[in-house]
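Structural features, examined
Single-letter residue listing:
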Amino acid sequence: MTGAKAPGGLPALFISTAVSGDIARNLGVAHYSYNFAAARFRTLLAQDFPALRDLVMPEYYATRAAMPAPPAGEWLHLIFRSTGEIRLLKPAWNIACFAWEFPVLKTETLPGEAPTANQAGMLNSCDEVWVASQFARNVLQSHGVAQVHVVPAPISRPKVPGRAACLRLLAGLPVTQLRVNPAWPDALAEAEARAGETTLDAALRQFSARAVLFLAILNPEDARKNLDALIRGFHCHRQEYPDSLLLLKLIRGGDGITLAEVAGGILRTALGPGTALADPGILICNAFLSEPEMTALYGAAPFYLCTSIAEGQNLPLLEAMICEAVAVSTTGTAMDDYLSADCAIPIASTARPNDDPRLAGLVAGRNFTVARASATDVAHALNRARQLSVPARERLAHAGREQVARLYGPAAVRARITDRLCGLGIAPST
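Residues numbered from 1 in each chain as written. Predicted model: local features only at pLDDT ≥ 70, side-chain atom pairs only at ≥ 80, totals over all residues. Heavy atoms only, no water.

1. Considerations on the packing of helix 6 (residues 186-195) against helix 9 (residues 259-270)
For any two helices packed against each other, one specifies the inter-axial angle together with the distance between the axes. Stated formally: Between N-to-C directions, angles span 0 to 180 degrees; the directions come from axes that are lines fitted to C-alpha atoms, helices contributing only their stretch in contact. Only DSSP runs of H or I reaching four residues or more are called helices, and only runs of E reaching two or more are called strands; each is numbered from the N terminus. Here is the rule for angles: anything less than 35 degrees is roughly parallel, anything more than 145 is roughly antiparallel, 65 through 115 is roughly perpendicular, and the remaining ranges are oblique. Working rule for handedness: look at the near helix, and if it is turned counterclockwise from the far one by less than a right angle, call the crossing left-handed; if clockwise, right-handed. The contact criterion used is simple: two residues touch if any of their non-hydrogen atoms lie within 4.5 Å.
Across the interface, helix 6 lies against helix 9 with an axial gap of 7 Å and an inter-helix angle of 135°. Considering their axes alone, helix 6 and helix 9 lie oblique with respect to each other. Between helix 6 and helix 9 lies a crossing whose hand is right-handed. On helix 9, the residues that touch D186, A189, E190, A193 and R194 of helix 6 are A260, E261, A263, G264, G265 and R268.

2. What to know about the sheet that holds strand 4 (residues 93-98)
To keep things clear, this is the line we draw: What makes two strands pair is DSSP finding at least two bridges between them.
Spatial ordering of the open sheet is given by 2-1-3-4-5-6, a layout of six strands whose pairing is parallel. Only two strands of the sheet have a single neighbouring strand rather than two, namely strand 2 (53-54) and strand 6 (148-150). Bridge count between strand 3 (residues 75-80) and strand 4: four bridges; the pairing is parallel. Across the sheet, residue L78 finds its bridge partner in strand 4, namely I95. In the packing of helix 4 (residues 134-142) onto the sheet, the strands contacted are strand 4, strand 5 (128-131) and strand 6, and the crossing angle to strand 6 comes to about 175°.

3. Remarks on the packing of aromatic side chains
Test applied: Only Phe, Tyr and Trp rings take part, Trp by its six-membered ring, and two of them pair if their centres are within 6.5 Å. Stacked means planes under 30 degrees apart, edge-to-face means over 60, and tilted covers everything else. Summary of the burial criterion: residues with accessible area below 20% of their type's maximum are buried, those above 50% are exposed, and those between are partly exposed, where the area comes from a 1.4 Å probe applied to protein chains only. Geometrically, a lysine NZ or arginine CZ counts as sitting over a ring once it is within 6 Å of the ring centre and also within 35 degrees of the ring normal.
Using the criterion set out here, one finds ten aromatic pairs in the structure. Centre to centre, the rings of F214 and F234 are 5.4 Å apart; their planes meet at 75°, and the pair counts as edge-to-face. Of this pair, F214 sits in strand 9 (residues 212-218) while F234 sits in helix 8 (residues 227-240); the two residues are 20 residues apart in sequence, bridging distant segments of the chain. Judged by its relative accessible area of 0%, F214 falls in the buried class. Ring geometry for F214 against F303: centres 4.7 Å apart, planes inclined by 15°, an arrangement best described as stacked. A residue pair is termed long-range when its members are at least 10 positions apart, and F214 in strand 9 and F303 in strand 12 (residues 303-306) qualify at 89 residues. We classify F303 as buried; its relative accessible area is 2%. Of the aromatic side chains, those joined through ring pairs into one cluster are F98, W100, F102 and F368. Over the ring of W75 we find R64; its NZ or CZ atom is 4.7 Å from the centre of that ring.

Structure representation (structure tokens):
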């Protein structure tokens, strides 16, 4: 970056994302999670960059004169988009904030393809790249991407009420029990789900006063989440621990999608073929929750269950851990940065060649290996979680909280950003 510094020695800061509008309407659509990462960076950086601006079409401003009331000094542009959606703000220093969780990357443009299909090329069009994990940094560098730095999204620890207060706040949350059958047409599946709808409070009262709550948050149409193993594994676990209860918060994009639609046909298609399963200990919800409600959701469950085969960072898991839920989770990819037996219950997995055509890593046009947990692996880890003594569980919960705060707390991420800005000759306040 060259030229006169903005007042205070800082450049003007711009942020762009590919998904705009009400996030409640965009949950589950392609690349929606970039919005959450952008929001966390925006909150963190607002104290240093009070004139921060959001841009919908950064490519429109090819020169400073093209922008109304252009700020003086240098410009910094953080881009929270997939590679195909990267758009440069040409007068700025462009930083791609990129999440990637596969061991391959597309490095060439084939005849008939748009240049935007070349992931390495699009990333190298930026001045530098910020990724959320060491795994992603290693993959990008091994595929010829220059100037890659680990700067993850920050995770703040909210004030978490006691479990009883959390459950009171969530008492009216609409839920329905898991009940799927491949022989049912969608209309019948939705009718069955609708007929079983109740509130979380009513479901808990009917279930067991001794219920031990597990939480999982995911998009049912995201093939990385290994939802089939999660549900089958939990169902198997409940044969030994019938007082275990799973609250499965499903995130499904599109305006007006109902709980019955998600728990009916949408969930059924995410399970293995021929799955017929009913379990009153697996409750499904899809309501959009406010930040206080999300905090209550994390605070209500002593355990968080994740069966992902790959993650770019996994914000829900990290948020659960910083709220002192014990992670029962697969490891690998970004999760290797913060999960171990010292702060979580690891779920075993087996590495094998990928055979799932839905994974985004296939864009590279190369074979790759993934590590996938089976339902049996999931059940065994859940059993270990339930066998923990209360003091052991509390030690894991505390260790998980401290691990997330150390690696992803605002102070830790701000130090990484300060290091990068100092490398560019910019000195933010301290």
